[in-house]
Amino acid sequence: MERASSWTRLLAAVAIIAASASGVFVGAVTFTPEQPSFAVEEEPELGFEVSVTTDVATVVPGQVVRVSVEVENTGDVDLGADALIGVPLSWAGSGFEPSQAIAPSGCAAWGDDDSFDPAVPGATPPTSGDSCYTPGAGSPGGTARFEVAFVARSATASTYWFTAAARTISETGSGEEGDFADIPESAWDGDDASVVLGAFTTSVSMQEGFGGVGEPITAYYSVIQTGTLYARYDEDDDTPDLAVDVRLEWPSGFTVIDDSDAVRACDGGFAGGVCSITTSGGAAANEGFWIRFLAPASTPSKQVDGAFTIAGATTGWYKRIPSVPALRDSSPPAPVRLAGWHGTGRGRMAPPQPSDATALPAEWIMSDSAAYSLLRDVFPITTQLDAAVGWPGGPGVVATYEVVHDAAVTMSIPNVEVAFRPTWPAFIEPLDEPDGCDDWEESTWTCTVRGLDAPGASPVVTLRFGPSDVLGEGIISAEGVRVRQSFGQNEYRPLPTSWIVPSGHRYVIDSQNFTVAVEFDRDRGWASGPDANAFVTVTYARELLVSADRPIVGLSFDWSSLIGLVEPPGVQGCARYEDGLCTITGLEGIGDTAVITLRFGMPAADVGIATLSAVPVFLRNGSIDDYSVLPTAWVGSGSDTIGIADARIPLDLALSSPVGYTGGKTLVTTTTVRHTTSLAVDSGVSGDLPGLVVELQYDWPGHLALMSQTGCTIFVVATRRCTIVGLDAVGAVAEVRMVFAMPPPTLPPVPVVPSRTGDVVVDGVALSFAPPPATSPPPPDPEPWPPEGCYIAENGECVCAGELSFCPDEPATPPEGPAAEPVDGTLPPSWIGEDREPFTVLQPNLRVSPSVTTPGEGIGAIGTSLPPNAAVTFRWEGATTDTPSVRWPGSGDPTSARWSLLVLRWELPGTRTLVMHSVDGLFGDIPSSNRLLVAPRSAMAPNLLGRGG
């Protein structure tokens, strides 16, 4: 209870003091249960006195300074022996930081107010203002002390202050969180102490922290004296009072091209990279100058980091300078530099140190460093093509330009712009402007891209080129135009264009490096004729524009349905033939050829034009199963046709008359023989059959007698075989004419002679021609021997290179291509037509009616099987004159007729035969088939009336 009571009294006292300070009167406060209240007759005084001291007055970067703070309780309020005084300590964080190696001493806790926990004392992360809760000043006259160690940073030389004040009162609990009370502002007290960081501040700066190889750059240096070393001297003192030496270093490989400003500023001398600056009359040493350098022309890597440094030397001096603060014996860190980087300089030597001067400690001079990176090949451009090769009329090519901030260049370059120009060979043209440029200058074809500030950034630009019909090879590339940094509208800093690494990709348009020729061994075939061979010749005709030592050609074959592949032998000459794909190897040099043979059978009846095509499927390089791909369009194609003919030789048999009469006019038969073809006139294939021989077989009824024939080249009567030549050309016509005699009348014509009908027939029995010889593919050209640059010596050896080496083995004679097979000229006899015509032989018939008559009477003559409307006359057999006759009106049948004849009165009795004669000679004289009896009139029956006399 006593502990709680004392803290209660403490808080009450603080409250009273605070109220008094604010003008509020407090009449009475109860401190403990035993003393519920008391009157305050006079105000207690609560006060503290704070003092701050440092163990050194001047430090250099990296040196430790100890800051001691003492707090004395100068009031009359007893806060208790356990009371802690919270003292905030502040410092310039840019110049100092709490030491991590030396913990604060004298603090029950070190940290800010919010993190104070007396049960867990310890350090919080350093800031520029932390609090120490220190014991010992709770009772009047008590004193609390604590010490904090700081380390000087590498910063600008200046005076830095450490400030402390008593602000808070706390009772330390026992494992429990303590209570806090703010000390009234009227009782606050504070103090500060200063420490000078360096006596001379130096600086080095560059316009930019990076540059390109071979580029000039300028470094700016300054040496500024701080107020610590000000001194007063007599005006007549002509001896310098101070010489401060600084050492300049720069990266290896950089050369000085202008140090005139350094020679001016280093009035005490500038040589060997050491600048000596002197002052007199108590003036401060404040000087700035520049040196111009040339960067090395090359670097081992794309980014080489180094620094331009300025640091204290060991030859500076001073004299008659009062009150110079003592320095701790502490060595500064070495200047920033990279192995292999160094400095050089030229100019006059520094003057010697005066005898009465004191050497200037190097620790007084701070160092500075300006990092510098030497860069090269910062922005490589990668050019990629969607296809490195093409062919005339192909799809064109798309170029992709990737501009990269190389990851090996780790420096970020803010607001950088890279401009490049696409280039291409003359045989292609772009379709439009590039896609992906942030800016595009059409007049100069310049593409600008941004977004390359950070390493690894990689904007992409694409440019499409159209198809071309021109063969060629060239480079599609990108060339650097400029690199610059943007600082606003129309404000730029140029950077080395050499940072752009151009690139290109070879592009080739090629065609018909491998020609394909297709040829049938003849230009025609015929239905059911002999097989035909086709030769596909692949030739390495023109050097490839790309590297390929073992080209492989793949072909597929397509042919019309008129013809069909004969297997075996099928397809011969392929290194591999599978699924209709022919793989061809061995085409390794210009002039190499490969011949593929295909055998086709002819159709049984169909005719037309059959086509065989060889189409490229692939072009590869390597082996059949391990290869790289080349454009198929670099392989040609080919085709050929063969005419499949069914050249009908139609026969047209014509008779002079379908009916003949015995003893009458001859029968003339005419056979027209034509050479026709089923091939279209515009097919391009001739239907001519040179040396065509047509053999015809004739037949006719046996009662016809051949009298003559014309039109047959050869005619064999015994076999009735007619051979015709001269029908080679399509459209040629031959005519065979035969004359047949009619059989004589059959006598006596009793009984009536019937008609005789039979066919006159002509039929083709043989056909042949003299076919053109079959062709063979040309043999490959032999390799030249001896090789170029070689000759055959007298001993018969082939020698090359001035008899110092021998020729390679003589190449074997290339094999001949497949021999042409002879063609049989026998053609199907079915191509020749057949014709027949019926022919009827009639023998006219004549009879008289009545068959008994007397002189002076009339009789009738009836004729049948007559030529239509035949003109005839009659006579009595044995008579030389005709007997008058009258033809009765027609009966409607032109092949029969009836005539009336008068038996004259002076005719002697007896039998008579009437003879019918053809006025036109259409038949031979025909006697009547019955005889007429002329009886004497006295023999007539009674009552028979007579006429004619």
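Model, not experiment: these values are computed from the prediction.

A separate point is the overall build of the protein. Assigned secondary structure in the protein consists of 2 helices and 74 strands. Burial status across the protein gives 43% buried among its 949 residues. Considering only contacts in the protein between residues 6 or more positions apart, those separated by 24 or more positions represent 79%. Accessible surface, the protein: about 44900 Å² in total, of which carbon and sulfur atoms supply 52%.

On to the nonpolar core. Of all hydrophobic cores here, the largest spans 38 residues; its most connected members are Val69, Val71, Ile85, Leu89, Phe96, Phe150 and Phe162. When residues of this core are traced back to their parent elements, those giving at least two are β3 (48-54), β5 (64-73), β6 (83-91), β10 (143-152), β11 (158-166) and β14 (189-197). With near-sequence residues (within four places) excluded, Leu89 lies in contact with Val67, Val69, Trp110, Ser128, Gly129, Asp130, Val148, Phe150, Thr163 and Ala164.

Further remarks concern the environment of Arg737. Along the chain, Arg737 turns up in strand β57 (residues 733-741). Using a relative accessible area of 41% as the deciding quantity, one classes Arg737 as partly exposed. C-alpha of Arg737 to C-alpha of Thr710: the two residues are 27 residues apart in sequence and 5.1 Å apart in space.

Strand order in the open sheet formed by 4 strands is β50-β52-β57-β54, with antiparallel pairing between adjacent strands. In the strand order of this sheet, the two ends are held by β50 (651-655) and β54 (705-710), each with one partner. Sheet twist, expressed as the mean angle between neighbouring strand axes with direction ignored, is 20°.

A complete count under the given rule lists 5 disulfides for this structure. What pairs with Cys437 in a disulfide is Cys447, and their sulfur atoms sit 2.0 Å apart. Handedness here is read from the sign of the S-S torsion; for Cys437 and Cys447, about -115°, the answer is left-handed. Here the residue Cys437 occupies a position in the loop between β30 (416-423) and β31 (439-441), and Cys447 occupies one in strand β32 (residues 446-449), the gap between them amounting to 10 residues.

Side chains that carry opposite charge are capable of pairing whenever their charged atoms lie near each other. The full count for this structure, using the stated rule, is 24 salt bridges. Of the charged contacts, one joins Glu249 and Arg247 as a salt bridge, the two residues approaching to 3.7 Å between their closest N and O atoms. Under the relative-accessibility criterion, Glu249 is labelled buried at 11%. Judged by its relative accessible area of 28%, Arg247 is partly exposed. Overlapping salt bridges bring together Glu417, Asp439, Arg450 and Arg484 as one network.

One pass over the structure, following the stated rule, counts 22 aromatic pairs. Centroid distance Trp526 to Phe769: 5.5 Å. Interplanar angle 80°. Geometry classified as edge-to-face. You can see Trp526 sitting in strand β39 (residues 524-526) and its partner Phe769 sitting in the loop between β58 (756-768) and β59 (790-792), a full 243 residues away along the chain. According to the relative accessible area criterion, Phe769 is buried, its value standing at 7%. The positively charged end of Arg620 is found above the aromatic ring belonging to Phe618, 3.6 Å away from the centroid. One residue, Arg720, lies across the ring of Trp700, its end atom 3.8 Å from the ring centre.

Turning to the pairing of strand β53 (residues 693-699), a few remarks are in order. Side chains Val694, Leu696 and Tyr698 project from β53 onto a buried face, and the interleaved Val693, Glu695, Gln697 and Asp699 project onto a face without burial. Sheet topology note: the β53/strand β56 (residues 721-725) ladder contains 5 bridges and is antiparallel. The residue of β56 that forms the bridge with Leu696 is Cys722. When β53 meets β58, the two strands line up antiparallel, connected through 7 bridges. Considered in β58, the bridge of Leu696 is made with Gly764.

Attention shifts here to unusual backbone geometry. In this structure, the amide linkage connecting Pro568 to the following residue, Pro569, adopts the cis form with an omega of 5°. Examined against the element boundaries, Pro569 turns out to sit in the loop between β42 (564-565) and β43 (571-572). Phi at Trp445 is positive, roughly 50°, even though this residue is not glycine. Mapped onto the elements, Trp445 comes out in the loop between β31 and β32. In the Ramachandran plot, Arg720 falls in the positive-phi region, its phi being about 55° despite a non-glycine side chain. By the secondary structure assignment, Arg720 is in the loop between β55 (714-716) and β56. The exposure class of Arg720 is partly exposed, given its relative accessible area of 22%.

To continue, consider the pairing of β5. On a regular strand, each side chain points to the face opposite its neighbour's, so the side chains alternate between the two faces of the sheet. Residue alternation in β5 divides its side chains into a buried set, Val65, Val67, Val69, Val71 and Asn73, and an unburied set, Val64, Arg66, Ser68, Glu70 and Glu72. Bridge count for β3 against β5 is 7 bridges, and the pairing is antiparallel. Following the sheet pairing, Ser51 is matched in β5 by Glu70. For β5 and β10, the ladder comprises 9 bridges, and the chain directions are antiparallel. Looking at the pairing, Arg66 lines up with Ala149 of β10.

On to the side chain of Thr670, then. With respect to the helices, strands and loops of the structure, Thr670 is situated in strand β52 (residues 667-674). A relative accessible area of 16% places Thr670 in the buried class.

Conventions adopted
Residues numbered from 1 in each chain as written. Predicted model: local features only at pLDDT ≥ 70, side-chain atom pairs only at ≥ 80, totals over all residues. Heavy atoms only, no water. Helix = DSSP H or I, 4+ residues; strand = E, 2+ residues; numbered from the N terminus. Buried < 20%, exposed > 50% of the residue type's maximum accessible area, 1.4 Å probe, protein only. Contact = heavy atoms within 4.5 Å. Areas by Shrake-Rupley, 256 points an atom, 1.4 Å probe, with all protein chains shown as cover. Core = buried A, V, L, I, M, F, W, Y, C linked by side-chain atoms within 4.5 Å. Pairing = 2+ DSSP bridges. Axes fitted to C-alpha atoms, helices over the stretch in contact; angles between N-to-C directions. Disulfide = S-S within 2.5 Å. Salt bridge = Lys/Arg side-chain N within 4 Å of Asp/Glu carboxyl O. Phe/Tyr/Trp six-rings, centres within 6.5 Å; stacked < 30°, edge-to-face > 60°. Lys NZ or Arg CZ within 6 Å of the ring centre and 35° of its normal.

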